[in-house]
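Close look at the chain arrangement
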Amino acid sequence: MRIVIIDYGSGNLRSVQKGFEKAGFSATVSNNVNVVSDATHLVLPGVGAFSSCMKNLEQLHLLEPIKKAITYGKPYFGICLGLQILFTEGEEFGAFPGLDILSGKVVRFPKTIRKVPHMGWNQIHIEKEIGILSAIPENSYFYFVHSYYGVPEKADCIATTTEYDGLSFTSAIVKDNIFACQFHPEKSQAMGLTLLSNFAKQG
């Protein structure tokens, strides 16, 4: 097993790596095309702007290896921005194309939401019983930090939802070998480690 955490210049890379280590798995942080291509499991964490993430991945020649890995069925775990770039388009600072693996858009919380970014602990509601969520009970708490969220065109990819200030949004998605979450498992204590462990055991 070769878990590779993709380094595109932004993100809680060491925290994610430590999370896997605490869960009992080694993981490598890299932006080397060959290392990423040889991975058995890919993890893309991220903080920052949608457009910057896509630009950095393109400049590092990592977009194609990521797409190929997903096409070949390798387990992919997107965290926060790593979820958002899976969508067709992101609306942060204008309209920018994503990987278009999931049809839909990444949008900002509406003005009716009193406090943005959404920051802190919040519950997830499980919409799909899937392996990566095993041993994670309904209404478990995870840690969030974000101002944008993905809106899929089709609901069949929604793994979990979360309520924030009266709005229900997609907090995790699943599609074939892809799992991605808006929350941060590396900051979510026991439940987060369980999620990382479940991912590592896939494939």
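Use the structure listed above.
Residues numbered from 1 in each chain as written. Predicted model: local features only at pLDDT ≥ 70, side-chain atom pairs only at ≥ 80, totals over all residues. Heavy atoms only, no water.

Re the overall build of the chain
Cut-off, in case you're wondering: Put simply, DSSP H or I for four residues or longer makes a helix, DSSP E for two residues or longer makes a strand, and each gets a number counted from the N terminus. Note that the radius of gyration is over C-alpha atoms, with the globule rule given as 2.2 Å times the number of residues to the power 0.38. Here's how the labels work: a residue is buried when its accessible area is under 20% of the maximum for its type, exposed when over 50%, partly exposed in between, all with a 1.4 Å probe on protein chains only. Contact criterion: two residues are considered in contact whenever any of their non-hydrogen atoms come within 4.5 Å of each other.
From N to C terminus, the chain includes six helices and 14 strands. Relative to the globule expectation of 17 Å for 203 residues, the C-alpha radius of gyration of the chain, 15 Å, shows essentially globular dimensions. Principal axes of the C-alpha set define a box for the chain whose edges measure 45 × 40 × 30 Å. The burial tally for the chain puts 52% of its 203 residues in the buried class. In the chain, once contacts between residues fewer than 6 apart in sequence are set aside, the share between residues at least 24 apart is 69%.

Things to note about the pairing of strand β10 (residues 141-146)
Under the convention used in this document: A pair of strands is treated as paired once DSSP finds two or more bridges between them.
By the alternation rule, side chains of β10 split into Phe142, Phe144 and His146, which are all buried, and Tyr141, Tyr143 and Val145, of which none is buried. Across six bridges, the pairing between strand β8 (residues 118-123) and β10 is antiparallel. Residue pairing in the sheet places asparagine 122 in a bridge with phenylalanine 142 of β10.

What to know about the side chain of threonine 162
Put simply, the rule is: Any pair of N or O atoms that falls within 3.5 Å is considered a polar contact. Within protein, one atom must be able to donate a hydrogen and the other to accept it, and sequence-neighbouring residues count only if both atoms are side-chain atoms.
By the element assignment, threonine 162 lies in strand β12 (residues 158-164). Accessibility expressed as a relative area gives 0% for threonine 162, which makes it buried. Within the local environment of threonine 162, its side chain forms a polar contact with the backbone oxygen of glutamine 123, the two atoms lying 3.0 Å apart. Leaving out residues up to four positions away in the same chain, threonine 162 has contacts with His118, Asn122, Gln123, Ile124, His125, Phe144, Leu167, Ser168, Phe169 and Ser171.

So, the packing of aromatic side chains
Short version of the rule: Two rings belonging to Phe, Tyr or Trp (six-membered ring only in the last case) form a pair when the distance between their centres is within 6.5 Å. Interplanar angles under 30 degrees mark stacking, angles over 60 mark edge-to-face geometry, and anything in between is tilted.
With the rule as written, the count across this model stands at 11 aromatic pairs. Ring centres 5.6 Å apart and planes at 50 degrees place the aromatic pair tyrosine 149 and phenylalanine 169 in the tilted group. Placement of the pair is tyrosine 149 in strand β11 (residues 148-152) and phenylalanine 169 in strand β13 (residues 167-175), with a sequence separation of 20 residues. Like tyrosine 149, the residue phenylalanine 169 is buried in the burial classification. An aromatic cluster of three or more residues is present, and its members are Phe109, Phe142, Phe144, Tyr149, Tyr164, Phe169 and Phe183.

Re the sheet that holds β13
In any sheet, the strands associate via hydrogen bonds between backbone groups, in a parallel or an antiparallel arrangement. Judged by pairing direction, the sheet is mixed, and its eight strands sit side by side in the order β2-β1-β3-β4-β14-β13-β12-β9 without closing on themselves. Both edges of this open sheet fall to β2 (27-30) and β9 (125-126), since each of them pairs with a single strand only. Where strand β1 (residues 3-6) and β2 come together, four bridges link them in parallel fashion. Residue pairing in the sheet places isoleucine 5 in a bridge with valine 29 of β2.

Remarks on the pattern of salt bridges
Put simply, the rule is: Take a side-chain nitrogen of Lys or Arg and a carboxyl oxygen of Asp or Glu: if they are within 4 Å of each other, that pair is a salt bridge.
Per the counting criterion, the structure on display carries five salt bridges. The residue lysine 105 makes a salt bridge to glutamate 89 at a minimum N-O spacing of 3.8 Å. Residue lysine 105 is located in strand β7 (residues 102-108), and its partner glutamate 89 is located in strand β5 (residues 87-90); the two are separated by 16 residues in the primary sequence. Of the charged contacts, one joins lysine 105 and glutamate 91 as a salt bridge, the two residues approaching to 3.7 Å between their closest N and O atoms. Taken together, the positions of lysine 105 in strand β7 and glutamate 91 in the loop between β5 and β6 (96-97) put the pair 14 residues apart, joining distant regions of the chain. Classification of lysine 105 as partly exposed rests on a relative accessible area of 40%. Owing to a relative accessible area of 35%, glutamate 91 belongs among the partly exposed residues under this scheme. Where salt bridges share partners, they join Glu89, Glu91 and Lys105 into one cluster.

Overview of the sheet that holds β6
One open sheet holds the four strands; their spatial order is β6-β5-β7-β11, and the pairing between them is mixed. Two strands in the sheet have a free side with no partner beyond their single neighbour: β6 and β11.

Points about the layout of surface pockets
So the rule is basically this: Grid points spaced at 1 Å and placed over the protein atoms alone form the basis of the search, with a cavity being a set where a 1.4 Å probe fits but cannot get out and a pocket an open set showing protein on both sides within 12 Å along at least five of seven lines. Lining residues have an atom within 4 Å of a point. Grid points are joined across faces, edges and corners, and a volume is the space filled by probe spheres set on the points. Any residue outside Ala, Val, Leu, Ile, Met, Phe, Trp, Tyr, Cys, Pro, Asp, Glu, Lys and Arg is labelled polar, Gly included; the first ten of those are nonpolar and the last four are charged.
In this structure, the largest pocket spans a volume of roughly 220 Å³. Lining the largest pocket are 14 residues; nearest its centre among them are Val47, Gly48, Cys80, Val145 and His146. Mapped onto the lining of the largest pocket, the elements with two or more residues apiece are α5 (81-84) and β10. A per-class count over the lining of the largest pocket returns five nonpolar, seven polar and two charged.

Without other data, these values stay purely geometric and don't point to any function.
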